[in-house]
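Architecture and fold: a report
Listed below are the residues making up each chain.
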Amino acid sequence: MFYFIIDILGTIAFAISGVLVAIDKKLDLFGVFIIAFVTSVGGGTLRDLLIGNTPVLWLRDPVYLYTIFGAVVFAVIFRARLKYIRKSLFLFDTIGIGLYTMVGIERGLSVGLSSIMCIGLGTMTACFGGVIRDILCNEIPVIFRKEIYATACILGGLGYFLLRRLPFDDAYAYIAGIVIVIGIRLIAVRFKIALPSIYKTT
């Protein structure tokens, strides 16, 4: 139940981030739903295909579709209250990658993958829905820019596996992993910390 709740919260966060991008691009209602949908399930779909978990989760459990639909309706109705769209997008996207990183890691552990593969799977789960969203909305995906994004997911995953070695319940390490991802992303943006650029500045 704990992991299911985290998965649902991640679905909601990414669905709202997808709605905000779609509204910013002035898409119609169908387009808003599609962008929200692919943002929410894109990374998880790729994850499930890679580990052979088919049919993929959202095809087996309709609660994910209902959750996305509810999040879309909520975000559209209250879009005027979601002030400063870009700040709202950043917040929901950051929460989403924190939650989905750990969901992906948990899925990897459930099929017996190594810790490194689990971190890769978690990072993919967290990032690739946003990649699809940005490509469909004609934007360069954040993961391909110099911002601290996928790096935060990787560090959160490393923190999780290190904390699992301590004599605590795994649930605490799981929550700590989420907090690490979100915290690193927030700090990086707040203090303008970025990966080194290979291009000369003019």
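Our structure is the block above this text.
A brief structural summary. (Residues numbered from 1 in each chain as written. Predicted model: local features only at pLDDT ≥ 70, side-chain atom pairs only at ≥ 80, totals over all residues. Heavy atoms only, no water.)

**Considering the overall build of the chain**
- The helix and strand inventory of the chain stands at eight helices and zero strands.
- For the chain, the N- to C-terminal ordering of α and β elements is α-α-α-α-α-α-α-α.
- In terms of its C-alpha atoms, the chain occupies a principal-axis envelope of roughly 50 × 50 × 30 Å.
- Residue burial in the chain is summarised as follows: out of 202 residues, 45% are buried.
- In the chain, once contacts between residues fewer than 6 apart in sequence are set aside, the share between residues at least 24 apart is 74%.
- When the accessible surface of the chain is split by element, carbon and sulfur atoms take 70% of a total near 11,100 Å².
- Of the charged side chains in the chain, 19 are positive and 12 negative; the average position of the first set lies 10 Å away from that of the second. (Helix = DSSP H or I, 4+ residues; strand = E, 2+ residues; numbered from the N terminus. Buried < 20%, exposed > 50% of the residue type's maximum accessible area, 1.4 Å probe, protein only. Contact = heavy atoms within 4.5 Å. Areas by Shrake-Rupley, 256 points an atom, 1.4 Å probe, with all protein chains shown as cover. Lys, Arg positive; Asp, Glu negative; His and termini not counted. Charge placed at Lys NZ, Arg CZ, Asp CG, Glu CD.)

**So, the side chain of aspartate 48**
- Here aspartate 48 shows up in helix α2 (residues 29-50).
- Classification of aspartate 48 as buried rests on a relative accessible area of 1%.
- Other than its neighbours up to four places away in sequence, aspartate 48 contacts Asn53, Thr54, Val56 and Leu57.

**With respect to helix α1 (residues 2-24)**
- Between the first and last C-alpha of α1 there are 33 Å, a value that for 23 residues agrees with the 33 Å anticipated at 1.5 Å per step.
- Note on α1: the residue one or two positions beyond its end, lysine 26, has a positive phi of about 60°. (Expected span 1.5 Å × (residues − 1).)

**Section: the packing of α2 against helix α4 (residues 63-77)**
- Following both chains from N to C, one finds α2 and α4 inclined at 130°, their axes separated by 10 Å at the closest point. The pairing of α2 with α4 is recorded here as oblique in orientation. When the axes of α2 and α4 are compared, the crossing they make is right-handed. Between α2 and α4, the contacting residues are Leu29, Val32, Phe33, Ala36, Phe37, Ser40 and Val41 on the first element and Leu65, Ile68, Phe69, Val72 and Val76 on the second.
- Looking at the contact of α2 with α4 residue by residue, the class counts come to eleven nonpolar, one polar and no charged. (Axes fitted to C-alpha atoms, helices over the stretch in contact; angles between N-to-C directions. Parallel < 35°, antiparallel > 145°, perpendicular 65-115°, else oblique. Left-handed = near helix turned anticlockwise from the far one by under 90°. Nonpolar A, V, L, I, M, F, W, Y, C, P; charged D, E, K, R; others polar.)

**Quick word on the pattern of salt bridges**
- Here the structure, examined in full by the defined rule, presents seven salt bridges.
- Here glutamate 139 and lysine 25 are joined by a salt bridge, their closest N and O atoms 2.6 Å apart. With a gap of 114 residues between them, glutamate 139 in the loop between α6 (115-136) and α7 (150-163) and lysine 25 in the loop between α1 and α2 connect regions that are remote in the sequence.
- A residue is classified by how much of its surface remains accessible, and lysine 25, at 34% relative accessible area, is partly exposed. (Salt bridge = Lys/Arg side-chain N within 4 Å of Asp/Glu carboxyl O.)

**Remarks on the nonpolar core**
- By size, the foremost hydrophobic cluster in this structure holds 25 residues, and its most contacted members are Ile97, Tyr160 and Tyr174.
- At the level of elements, α1, α5 (85-110), α6, α7 and α8 (170-190) are the ones that each hand at least two residues to this core.
- It is α5 that contributes the most residues to this core, six residues altogether.
- When neighbours within four sequence positions are excluded, isoleucine 97 is seen to be in contact with Phe14, Ala126, Tyr149, Cys153, Val181 and Arg185.
- Counting 21 residues, the second largest nonpolar core, distinct from the first, contains Val19, Val32, Leu82 and Leu89. (Core = buried A, V, L, I, M, F, W, Y, C linked by side-chain atoms within 4.5 Å.)

Coordinates in, geometry out; function isn't part of it.
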